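# Inside the fold
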Amino acid sequence: MDLVTVTGLSKRYGGIVALSDATFSARAGEVHALLGENGAGKSTFIQILSGAVQHDGGSILVDGQDYRPVNPDAAQARGIAAVFQELSLVPDLSVEQNIWFRHEPRTWLGTVNRAEMRRKTLALLEKYNFPALRPDQELRRLTLAERQIVEIAKGLAKDPRILILDEATSALPAREAEWLLKLTRQLAAEGRLVIFISHRMAEVRAIADRLTIFRNGATVAAHEANAVSDTEIVTQMIGRHLDRLYPERVATATDRVALRVEGLSSGSRLSGVDFALREGEVLGVGGLQGHGQRELFQALFGASRASGAVKLWGKPVSINNPRQALTGRDGIALVPEDRRGQGLLLTKSVRENLTLSVIRRFTENGLLSRQKEAALVKEMVDFLRIKAGTPEQLAGTLSGGNQQKVIFGKMLLTQARVLLLYDPTRGVDVGTKGEIFQLMRDLAAKGYAILFHSSDMPELVHVADRVMVMRDGRVAATLEGDRISEAGILRAAMLEREAA
Amino acid sequence: MASAEQTGETMQRPADMKSTTPAIGWRGRALDRAPFLVACLMLALIVGIYGSLQSGVFTLDELNLDTAAAMTLMLAATGQTIVLLRGGIDLSIGGMISLGTVIAATRFTDDPSTTALWALAILALGFVIGALNGLLISLLKLQPFLVTLATWSILNGVAMIILPTDGGSVPSWWVGFASTQLFGLTSPVWMLLVLLLFWWWFRATRVGISIQATGSNEKSAFLSGVSITRVNLVTYGLSGLFAAGAALFLVTQTGAGSPTIGKDYILPSVAAAVIGGVSLFGGRGHLAGTLIGAFVLTLIGNLVFVLHVSSYWQPVASGVILLLSVLASSVAEKAARGRVQ
């Protein structure tokens, strides 16, 4: 009998459907891989299983009994533990306090029995051959990889029947990742069910008995792992997309390099990125989430400590100052990831949002010229077709798509011709998405150079002139022309190994 | 596909898989406790100056006196420390202290059992009002600052309605409590020890750890199964309870009720904790630091007195000390971070 059976599971967040029809079944004693693109619903699915969020519809049976955990505690009580990607660890507690958090052995006074806790910690680490950890060290002193290992120990400390590993290998160096894969097999051999999420096909191949593929919030297929090819898996992950959304792509790139980046590194997430973005070009930045895309944009905008060389229009620029300082025609402008937090002042008007950072452009003798400002604002509102009653409407009251247009307007008013667009269509309705893509192509035709990241692969495929695929903080491949396809991007991001 | 052989083989611990983080060492530990050590240093300095200007400072009598003077603040700051550890702040303790004193001053009688019942009622009221704060913060998802600002105002108003001006009285045996002695130490000194004992116990309980963990990272705590609502309830409940305790002790010093006195303890309770190294961002700090901070703030008053300068210098000096402590902890924090990365 199946240990877990899920049928027709659904979950909405406001108007967004995160999961529409997830079906899943898994047996005790197997490693069951979950595959899918970013946003396919895997995360929501395991969050429901682990009690972090509650589902709206459908049913889950564990051991044939109805399962609807109201919180992570309730999930643990039923023997389900999750090793989260966003770590569930507390920075100010020690390693062992974290491992046993809320399950500490206690004395008659109700206090933590430290000696017993230490003994249990060492026994646990010994049993599963954990990499060296200092039990008494405060968590905030550990590296990301070590934290991930603590998180795994914490999951195992509950002796769960079902263990969920959400991209647990992604933060681990090769050796530790290998250890985890062996551990996963061992856990399955002990009769537990391990639900394993990874974007690394090789790992899934190495340890999974079965796999379930998600797409757009629904299950597309489940396979015995040895009865399906990589190509079939990738095809099922992508499915078919309608591409009416996208404008015609006319190559407008010149030979002039607008932005040249050499050896850009930042922390452990970005290591030695080289590329050249040309005038009139849209260069896509793709790959699986968390492989350095965010860090690349942050480093380029000077928002994080980075090393390497950056040249704008042939001139070297200092790379550790925010590029807001670089306005004007030789500057650089950013559409940030967090629109509501970083890009817009929601309680200010459309006009104020548009002109706040370019106030210099319409001052005369130190005084604001309202006429000049109004003219510029009108020009932008018309050009971008921002649907606002008046320029005085508050930005917070606009739709997501129109808010994004205001940010574009703000960016264009700086007159910078190198544009960094980080997921500019996230949370934007389909119609406006099309307008934004058209706008990007129009700007490219005018000679703007655009670096464009999207978490939605088809956008890269259909809008960018070239796509740079990132893996582990490096450029794994740069795809051009016919080689730009979702399969090509996925293959570069997951399958093809760089020559070692 | 994994083979059976693979799972059957014994797992080898990768031999050179060493923890990459260095051992902390004494310097790291000292840096970690820098704010606390700075507070100790300040206290030593103040006591030193005070002792050189005034005779009889290094006696049990002086300890008894100063502890009694500091105890109201200490009780209020104990509750505040728990709230700060949770990553919140509780301004309503000002209202609770005022309300506690006016109820005591108007209801306490010479009959011990009636008085004891009212004292218990005040403590219970403190916990319930605090718990309500916690509930409002959780259920309405409001800022602790705003919720407790509102409850402070409400409690203050109620205190005014009960007793519009300073007055009323408490029985003399209640006032005498603060000077009761056991083995040469007065009851406030014993209370100080009890507070430390309470803290040692509380911090090692699951509830205490959950409160600290929630202050350290709320999301992580939630994912680990902590009920944030329950944590808020207990945290602010305890704060209210300690504020009520502070009120009961305060009337042993004043002998009367005051509907406005509580406000004098709101910011000093936060200041004492911060001077003692408790982080305003939650997750870090110990009561020992807070109590030292409370001593520092109290002894500044003594110092200003023996220096024969205007008493208005007291808040000036307190402010400077607060700034110095914040500076010290920020420097230490940066140094510690530099060592980690």
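Since the model is a prediction, treat every value here as computed from it, not as a measurement.

Secondary structure summary: chain A contains 16 helices and 22 strands in total. Residue burial in chain A is summarised as follows: out of 500 residues, 48% are buried. For chain A, restricting intrachain contacts to residue pairs at least 6 apart in sequence, the fraction spanning at least 24 positions comes to 67%.

Now for the overall build of chain B. Secondary structure summary: chain B contains 15 helices and two strands in total. For chain B, the residues scored as buried account for 46% of the 341 residues in total. Nonlocal contacts in chain B, meaning residues at least 24 apart in sequence, comprise 80% of its contacts between residues at least 6 apart.

To continue, consider the interface of chain A and chain B. In this complex, chain A contributes 42 residues to the contact, which on the side of chain B involves 31 residues. When contributions to the side of chain A that touches chain B are tallied by element, the ones reaching two or more residues are helix 2 (72-77), helix 6 (174-189) and helix 7 (201-207) of chain A. The leading source of residues in the side of chain A that touches chain B is helix 6 of chain A, at seven residues. Split by residue class, the side of chain A that touches chain B holds 20 nonpolar, 11 polar and 11 charged.

The tendency in soluble globular proteins is for nonpolar side chains to be buried as a group. Grouped together as the largest cluster of nonpolar side chains are 160 residues, with contacts concentrated most on A76, I97, A246, A247 and V296 of chain B. When residues in this core are grouped by element, the largest group, 15 residues, is from helix 12 (residues 228-254) of chain B. In contact with A76 of chain B, other than residues within four places in its own chain, are I93, I97, F242, A243, A246, Y265 and S269 of chain B. In this structure, L277, A395, Y448 and V475 of chain A belong to the second largest nonpolar core, which totals 73 residues.

A few words on the sheet that holds strand 13 (residues 282-286) of chain A. All names here are of chain A. An order of 16-19-20-13-21-22 is seen for the six strands of this open sheet, with the pairing classed as mixed. Every interior strand has two partners, whereas the edge strands, strand 16 (332-335) and strand 22 (474-480), have only one. On average, each strand axis in the sheet is inclined to that of its neighbour by 20°, with strand direction left out of account. Pairing geometry for strand 13 and strand 20 (residues 449-453), over four bridges, is parallel. Bridge assignment links V282 to a residue of strand 20, and that residue is I450. Here helix 9 (residues 293-300) sits on the sheet and contacts strand 13, strand 19 (418-422), strand 20 and strand 21 (466-471); the angle it forms with strand 19, its principal contact strand, is near 145°.

Here we take up the packing of helix 5 (residues 93-107) of chain B against helix 12 of chain B. Residue and element names in this part refer to chain B. Where helix 5 meets helix 12, the axes come as close as 8 Å, and the angle between the chain directions of the two elements is 45°. By the angle between their directions, the pair helix 5 and helix 12 is classed as oblique. Seen from above, helix 5 lies across helix 12 with right-handed handedness. Of the residues in helix 12, those in contact with I93, M96, I97, G100, T101, A104 and A105 of helix 5 are S239, G240, A243, A244, A246, A247, L248, L250 and V251. Here the residues of the contact of helix 5 with helix 12 are counted per class, giving 12 nonpolar, four polar and no charged.

This paragraph deals with the environment of D209 of chain A. Residues and elements named next belong to chain A. Here D209 lies in the loop between helix 7 and strand 9 (210-215). In this structure the C-alpha to C-alpha distance between D209 and N226, which are 17 residues apart in sequence, comes to 7.6 Å. Once residues within four sequence positions are removed from consideration, D209 is found in contact with E30, V31, H32 and A225.

On to the environment of L345 of chain A. As for its placement among the helices and strands, L345 of chain A is situated in the loop between helix 10 (339-343) and helix 11 (350-355). With residues near it in sequence (within four places) discarded, L345 of chain A still touches E352, N353 and A395 of chain A.

Attention now goes to the pairing of strand 3 (residues 31-36) of chain A. Consecutive side chains along a regular strand alternate between the two faces of the sheet. All names here are of chain A. Of all six residues that make up strand 3, six are buried, and the element is covered over most of its length. The alternating pattern of strand 3 places V31, A33 and L35 on one face and H32, L34 and G36 on the opposite face, and all of these are buried. One ladder, built from five bridges, connects strand 3 with strand 9; its direction is parallel. The residue of strand 9 that forms the bridge with L34 is T212.

A few words on the pairing of strand 9 of chain A. Residues and elements named next belong to chain A. Bridging between strand 9 and strand 10 (residues 218-224) involves six bridges; their strand directions are antiparallel. By the bridge assignment, R210 is partnered in strand 10 with E224. The turn joining strand 9 and strand 10, which pair antiparallel and follow one another in sequence, is formed by two residues; a positive phi near 50° is taken by N216.

With that settled, the discussion passes to helix 9 (residues 187-202) of chain B. All names here are of chain B. The end-to-end C-alpha separation of helix 9 is 22 Å, in line with the 22 Å expected for 16 residues at 1.5 Å each. Of all the positions in helix 9, only S187, P188, V189 and L195 are classed as buried. Buried-residue contacts for helix 9 involve helix 4 (60-85), strand 2 (185-186) and helix 14 (287-306).

Residues and elements named next belong to chain A. Read across the sheet, four strands follow the order 12-11-14-15 without closing on themselves; strand pairing throughout is antiparallel. The two strands at the open ends of the sheet, each matched to only one other strand, are strand 12 (270-278) and strand 15 (315-317). Taken over all neighbouring pairs, the strand axes of this sheet differ in orientation by 20° on average, direction set aside. Relative to strand 15, strand 14 (residues 307-312) is paired through three bridges, and the arrangement is antiparallel.

Next up on the list: helix 6 (residues 112-139) of chain B. Residue and element names in this part refer to chain B. With 28 residues, helix 6 extends 40 Å between its outermost C-alpha atoms, agreeing within 8% with the 40 Å of an ideal straight helix rising 1.5 Å per residue. Within the sequence span of helix 6, burial applies to A119, I122, G126, F127, I129, G130, A131, N133, G134 and I137. Where helix 6 is buried, its residues touch helix 5, helix 7 (144-162) and helix 12. After helix 6 finishes, the residue K141 shows a positive phi value of roughly 50°.

On to the confidence of the model for chain A. Averaged over all residues, the pLDDT of chain A is 84; the fraction at 70 or higher stands at 92%. Strand 20 of chain A holds the highest mean pLDDT among the elements of chain A, 93, whereas helix 10 of chain A holds the lowest, 68.

It is worth spelling out the packing of helix 12 (residues 370-384) of chain A against helix 13 (residues 400-413) of chain A at this point. Residues and elements named next belong to chain A. Across the interface, helix 12 lies against helix 13 with an axial gap of 10 Å and an inter-helix angle of 130°. As far as their axial angle goes, helix 13 and helix 12 are oblique. Crossing hand, helix 12 versus helix 13: right-handed. Residues L376, M380 and L384 of helix 12 touch helix 13, and the partners they reach there are K405, F408, G409, L412 and L413. Class assignment for the residues of the contact of helix 12 with helix 13 results in six nonpolar, one polar and one charged.

Right, let's get into unusual backbone geometry. All names here are of chain A. Even without a glycine there, the phi angle at E167 is positive, about 50°. Tracing the backbone through its elements, the reader meets E167 in the loop between strand 7 (162-166) and helix 6. The backbone phi angle of D472 is positive, close to 50°, even though this residue is not glycine. Here D472 is to be found in the loop between strand 21 and strand 22.

Residues and elements named next belong to chain A. Along the polypeptide, F24 turns up in strand 2 (residues 16-26). Separated by 36 residues in the primary sequence, F24 and I60 have C-alpha atoms spaced 9.1 Å apart. The residues contacting F24, other than those within four sequence positions of it, are V4, V6, T212 and T219.

Turning our attention to the confidence of the model for chain B. All names here are of chain B. Averaged over every residue, the pLDDT of chain B is 85; residues scoring 70 or more account for 89%. Per-element averaging of pLDDT across chain B places helix 1 (residues 4-8) at the bottom with 37 and helix 12 at the top with 94. Ignoring residues within four places in sequence, the model shows residues 1-22, a span with pLDDT below 50, making 32 contacts including any to other chains. Across the assembled chains, the prediction reports ipTM 0.78 with pTM 0.70.

Criteria and thresholds
- Residues numbered from 1 in each chain as written.
- Chains lettered and ligands numbered in written order.
- Predicted model: local features only at pLDDT ≥ 70, side-chain atom pairs only at ≥ 80, totals over all residues.
- Helix = DSSP H or I, 4+ residues; strand = E, 2+ residues; numbered from the N terminus.
- Buried ≥ 20, exposed ≤ 12 C-beta atoms within 10 Å, placed from the backbone.
- Contact = placed C-beta atoms within 7 Å.
- Nonpolar A, V, L, I, M, F, W, Y, C, P; charged D, E, K, R; others polar.
- Core = buried A, V, L, I, M, F, W, Y, C linked by C-beta atoms within 7 Å.
- Pairing = 2+ DSSP bridges.
- Axes fitted to C-alpha atoms, helices over the stretch in contact; angles between N-to-C directions.
- Parallel < 35°, antiparallel > 145°, perpendicular 65-115°, else oblique.
- Left-handed = near helix turned anticlockwise from the far one by under 90°.
- Expected span 1.5 Å × (residues − 1).
- pLDDT = per-residue confidence, 0-100.

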